[in-house]
Amino acid sequence: MSGNVNRSTAYRLALIAVAAASVAACSSRPKPQFDTAPSTTPPPAAQPGDMPPPVSSGPLAATPGSAQDFIVNVGDRVYFDLDSHDVRSDARPLLDAQANWLRQYGSVRVRIEGNADERGTREYNLALGARRANAVRDYLVGRGVTSDRISTISFGKEQPIDPGTSEDAYQRNRNARTAIVSGAR
Amino acid sequence: MTRTLRNLTMRPLILALACVFAFCLAAPAARAEIEVNVNRGDLQPLPIAVPAFGGQQGADIAQVISANLQRSGLFRPLDPAGYLERDINIAVQPRFNDWKQISAQALVNGQVTVEGGRLRVDFRLWDVYAEQQLLGLQFTSSPENWRRVAHKISDAVYERLTGEKGYFDTRVVFVAESGPRAKRIKRLAIMDQDGANPSYLTDGSYIVMTPRFSSNTQEITYMSLRPEGSAIYLFNLETGRRESLGSFQGMVFAPRFSPDGGRVAFSVERGGNSDIFVMSLASRASTRLTSDPSIDTSPSFSPDGARIAFNSDRSGSPQIYVMGADGSNPRRISFGQGRYTTPVWSPTGEFIAFTKQTGGQFHIGVMRPDGSDERLLTSSYLDEGPTWAPNGRVLMFSRETPGGAPRLWSVDVTGRVLQPMPYPGSGSDPAWSPLLN
């Protein structure tokens, strides 16, 4: 468990560093406007493994339409139940926000990467990750993102984001990540 | 890629399989009085003496033979420190009483000769109590292939005493893993079945998994995974030639050769649904074998090529099915408690090995092709991906401890002989070659 604490601390620190760097990078530019505000709400805390909410006091200064804007202000990952590829109700607000953002920045192309926890065998987990990636893809298409902007891949259990062996870690590793491939600012 | 190939090229080992010892014991070969029963789970390993062979590398050769026999679990090589006949000579009959005194039931001795740049190894296998020669053979090869000679001798001894083919002159392809868990580097690698001569076949710049041998022992197929997509490759170990099976819409994974090496069965994923296809390597035409909306993967041919075992969750959880090699009559064969994956048909056709998850543990198990006689051979936090030795007596698999890196382990089909492979590194997805030529 102490590993989790350390990890999330490291996570937070990394996030602060990203935010600080972006503030520095953008300091001479006009203040970015958060016109995507409704969808930038951090996902519900019930989502395990979500990025912790921003800890800096001021608004985050990611360039709108940038990959960083997407990751920090929208959220790039949703989570799944054990051996399931159903989009959970608590993942919908985040995917809705992803769809809004993608509709707004219409030149962005994404790749949905499906992932599975280590409590399965390699080939089955590849297939399971593919189902998850496609469930997210279908959801985004259903929310108006054209399908030719979305590719999918499964990493199976090959790329865990949490190396731990607790139920929490397994839960974090059952996810689909929306990765920006091109077209971001 | 090619830099490692020189090490891999298998030169033909010239076998002079003559009865070279006609000069010695005129007694006709009588039936052995000792024999080793491979089917008995309660077996007492047979005490065997393998004194250092005479000549250059004679001690090394004896050591490799001794280690092979010991790992099989069927033999108990005796400690050379206790040997009484110290000047044993291949040209004369052993002093059987000296070997009876230390309770050796079988004795292997030999002589290495280097002549004109060739390595010649003469050896004999003796039944100590019957005072009788069971084998007298000679192997010749180039000197750097001395380990293969030792494996050939091990196979000859194993076959003579058990009545079944050996599995020591074989290799294993696997995925060598290094680095932290979230950023694992995975390289295709190959080694002898005893862990010797490991070398890498890919450089680790992308993920590789599930290599499998063709029946010709020189070709493997494996899957590569990059963010841009997956691919199935054929890789010739002898020539270093690598080619893709082709481009498909969607992911391709889980390749496995047909027993004759002429086809590859694999999974294709489209729109989230994985189905099994088979491709003829001659025509490159592929045929779809399943079209269920469930996950269908991990195809494995029966040794006669007529049927395919595979993994499907069409019943709601992953289970093992068997269908005709043309996709006909899929039938579920696993009905126990738990999740069944990775079916692998044994080379003898007798069993299907699998990975099973139940009670929070992973197991390697075997069942008959009709689903009967299920037996679990192992249990741990994470055991997966069994592969059969060519004689169908031993399975290799990967085992992972919580938070640890996977290691290669083996277990015999009775479940009695469970041990880590003598390869010190981290490895997963082992695939055992057929016997080398």
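Residue numbering note: each chain is counted from 1, following its sequence as written. Chains and ligands are labelled by the order in which they are written, letters from A for the one and numbers from 1 for the other. Per-residue local features are limited, in this predicted model, to residues with pLDDT of at least 70; the limit for side-chain atom pairs, both in listing and counting, is 80 or more; totals at the level of whole chains, interfaces and linings are taken over all residues. No hydrogens and no water enter the side-chain calculation; it runs on all heavy atoms of the structure.

## With respect to the overall build of chain B
Strands here are runs of E lasting at least two residues and helices are runs of H or I lasting at least four, both read from the DSSP assignment and numbered beginning at the N terminus. Check the secondary structure of chain B and you find four helices and 30 strands. Residues classed as buried in chain B amount to 59% of the 437 residues present. Looking at chain B alone, contacts between residues at least 24 apart form 47% of all its contacts between residues at least 6 apart. Of the roughly 16800 Å² of accessible surface on chain B, a fraction of 48% belongs to carbon and sulfur atoms. For the exposure calls, accessible area comes from a 1.4 Å probe over protein chains only, and a residue counts as buried if that area is under 20% of its type's maximum, exposed if over 50%, partly exposed in between. When checking whether two residues touch, look at their non-hydrogen atoms; a contact exists if any pair is within 4.5 Å. A 1.4 Å probe and the Shrake-Rupley method give the accessible areas. Residues count as covered only by the protein chains that appear here.

## Let's talk about unusual backbone geometry
All names here are of chain B. Phi at N197 takes a positive value of approximately 55 degrees, unusual for a residue other than glycine. By secondary structure assignment, the location of N197 is in the loop between strand 8 (185–192) and strand 9 (199–200). At A254, a position not held by glycine, the phi torsion is positive, near 60 degrees. Mapped onto the fold, A254 is located in strand 14 (residues 251–257). Relative accessible area serves as the criterion here: at 1%, A254 is assigned to the buried category.

## Some words on the packing of aromatic side chains
The relation between two aromatic rings is expressed through the spacing of the ring centres and the mutual angle of the planes. Residues and elements named next belong to chain B. Paired rings are identified among Phe, Tyr and Trp, the last through its six-membered ring, by centres lying within 6.5 Å, and are further divided according to the angle between planes into stacked (under 30 degrees), edge-to-face (over 60) and tilted (the rest). As enumerated under the stated definition, the model contains 17 aromatic pairs over all chains in all. With a centroid separation of 6.4 Å and an interplanar angle of 55 degrees, the aromatic rings of F75 and Y158 are classed as tilted. Here Y158 lies in helix 4 (residues 146–162) and F75 lies in strand 3 (residues 75–77), a separation of 83 residues in the sequence. Y158 matches F75 in its accessibility class, with the two residues each being buried. Between the aromatic rings of F96 and W126, the centroid separation amounts to 5.7 Å while the plane-to-plane angle is 70 degrees, which identifies the pairing as edge-to-face. You can see F96 sitting in helix 3 (residues 96–101) and its partner W126 sitting in strand 5 (residues 118–127), a full 30 residues away along the chain. Judged by relative accessible area, F96 falls into the buried class, the value being 4%. Here the aromatic cluster, defined as three or more aromatic residues joined through ring pairs, consists of F75, Y158, Y167, F168 and W432. We call a charge positioned over a ring when the NZ of a Lys or the CZ of an Arg lies within 6 Å of the ring centre and within 35 degrees of the ring normal. Directly above the ring of Y321 sits R314, whose terminal nitrogen or CZ lies 5.3 Å from the centroid.

## A look at the confidence of the model for chain A
Scored between 0 and 100, pLDDT is the confidence that the predictor attaches to each residue. This prediction gives chain A a mean pLDDT of 79; 68% of its residues lie at or above 70. Of the regions scoring below 50 in pLDDT, residues 53–58 of chain A engages in four contacts with residues more than four places distant in sequence or in other chains.

## Overview of the pattern of salt bridges
Salt bridge, as applied in this entry: a Lys or Arg side-chain nitrogen positioned within 4 Å of an Asp or Glu carboxyl oxygen. What the rule picks out here adds up to 38 salt bridges over all chains. In this structure, B:E159 and B:K165 form a salt bridge, with 3.7 Å as the shortest nitrogen-oxygen distance. A relative accessible area of 34% places B:E159 in the partly exposed class. One continuous salt-bridge network, built from bridges that share partners, spans A:R122, A:E158, B:E177, B:R184, B:K186 and B:D429.

## Some thoughts on the nonpolar core
Core analysis: the largest hydrophobic core is formed by 47 residues, its most contacted members being B:F53, B:I61, B:F75, B:F123, B:I153, B:V157 and B:L161. The element contributing the most residues to this core is helix 4 of chain B, with eight residues. Residue ranges for the domains originate in an automatic or database domain assignment. Lining this core are residues from two domains, each supplying at least three of them: domain 1 (2–31 + 44–162) and domain 2 (171–432) of chain B. When near neighbours in sequence (up to four residues on either side) are disregarded, B:I61 contacts B:F53, B:V112, B:V121, B:W146, B:A150 and B:I153. The definition of a nonpolar core used throughout is a set of buried Ala, Val, Leu, Ile, Met, Phe, Trp, Tyr and Cys residues joined through side-chain atoms within 4.5 Å. One finds A:L94, A:L95, A:L102 and A:V145 within the second-largest nonpolar core, a separate group that totals 24 residues.

## Section: the packing of helix 3 (residues 92–104) of chain A against helix 4 (residues 122–142) of chain A
Residues and elements named next belong to chain A. Between the N-to-C directions of two axes lies an angle of 0 to 180 degrees, each axis being a line fitted to C-alpha atoms and, for a helix, fitted only over the stretch in contact. Running from N to C, helix 3 and helix 4 point in directions that differ by 60 degrees, and their axes come no closer than 9 Å. On the basis of the axis angle, helix 3 is oblique to helix 4. Considering how the two elements wind past one another, helix 3 and helix 4 form a crossing that is right-handed. Listed contacts from helix 4 to R92, L95, D96, Q98, A99 and L102 of helix 3 are V136, Y139 and L140. Note on residue categories: nonpolar means Ala, Val, Leu, Ile, Met, Phe, Trp, Tyr, Cys or Pro, charged means Asp, Glu, Lys or Arg, and polar means any other residue, Gly included. Each residue belonging to the contact of helix 3 with helix 4 can be placed in one class, and the counts come to six nonpolar, one polar and two charged. Just so you know how the angles are binned, under 35 degrees is roughly parallel, over 145 roughly antiparallel, 65 to 115 roughly perpendicular, and the rest oblique. Definitions for this section: a left-handed crossing has its near helix turned counterclockwise from the far helix by less than a right angle. A right-handed crossing has that turn clockwise.

## Here we look at the interface of chain A and chain B
Facing the 25 residues of chain A at the interface are 44 residues of chain B. Buried area adds together the accessible area that both of two parts lose upon being put together, with accessible area traced by a 1.4 Å probe. Between chain A and chain B the total buried area reaches about 2900 Å² when both faces are included, carbon and sulfur atoms providing 55% of it. Its largest share of buried area at the contact with chain B, chain A owes to A:R119, A:R122 and A:E123, together 26% of the area lost on that side. Inspection of the region where chain A meets chain B yields seven salt bridges. B:R181 is paired through a salt bridge with A:E118; the nearest N and O atoms lie 2.1 Å apart. Each polar contact in these results corresponds to two N or O atoms within 3.5 Å; when the atoms are within protein, one needs to be able to donate a hydrogen and the other to accept it, and residues that are neighboring in sequence are counted only if both atoms are side-chain atoms. Where chain A packs against chain B, one counts 17 residue pairs in polar contact (both at pLDDT 80 or more). Those elements that place two or more of their residues in the side of chain A that touches chain B are helix 4 and strand 3 (150–156) of chain A. A total of nine residues in the side of chain A that touches chain B trace back to one element, the largest contributor, which is helix 4 of chain A. The class makeup of the residues in the side of chain A that touches chain B is ten nonpolar, six polar and nine charged.

## With respect to the sheet that holds strand 27 (residues 394–400) of chain B
Residues and elements named next belong to chain B. Strands sit in the order 26-27-28-29 across an open sheet of four strands; the sheet is antiparallel. Two strands bound the open sheet, and with one partner strand each, they are strand 26 (382–388) and strand 29 (418–420). With direction set aside, neighbouring strand axes in the sheet form an average angle of 30 degrees. If DSSP finds at least two bridges between two strands, the strands pair.

## Digging into the layout of surface pockets
Only protein atoms enter the 1 Å grid used here, on which a cavity is any set of points holding a 1.4 Å probe that cannot leave and a pocket is any open set flanked by protein within 12 Å on both sides along at least five of seven lines; residues with an atom within 4 Å of a point are listed as lining. Grid points are joined across faces, edges and corners, and a volume is the space filled by probe spheres set on the points. Here the second largest pocket defines a volume of roughly 690 Å³. Taken together, 37 residues line the second largest pocket, and the ones lying closest to its centre are B:F213, B:R256, B:V344, B:W345 and B:W432. If you list the elements that add at least two residues to the lining of the second largest pocket, you get helix 4 of chain A together with strand 10 (207–213), strand 14, strand 18 (296–301), strand 22 (339–345), strand 26 and strand 30 (427–432) of chain B. Broken down by element, the residue count for the lining of the second largest pocket peaks at five residues, all from strand 26 of chain B.

## Brief notes about the sheet that holds strand 2 (residues 109–115) of chain A
Sheet strands pair via backbone hydrogen bonds, and the direction of the pair is either parallel or antiparallel. Residues and elements named next belong to chain A. Taken in spatial order, the four strands of this open sheet run 1-4-2-3, and their pairing is mixed. The outermost strands of the open sheet, each flanked by one partner alone, are strand 1 (77–79) and strand 3. Each strand of the sheet is rotated relative to its neighbour by a mean of 20 degrees, with strand direction disregarded. Of the strand pairs in this sheet, strand 2 and strand 4 (residues 175–182) are connected by six bridges, and their pairing is antiparallel. By the bridge assignment, V110 is partnered in strand 4 with I180. In the packing of helix 3 onto the sheet, contacts are made with strand 1, strand 2 and strand 4, and the angle to strand 1 comes to roughly 155 degrees. Relative to the sheet, helix 4 contacts strand 1, strand 2, strand 3 and strand 4, its axis offset from that of strand 3 by approximately 155 degrees.

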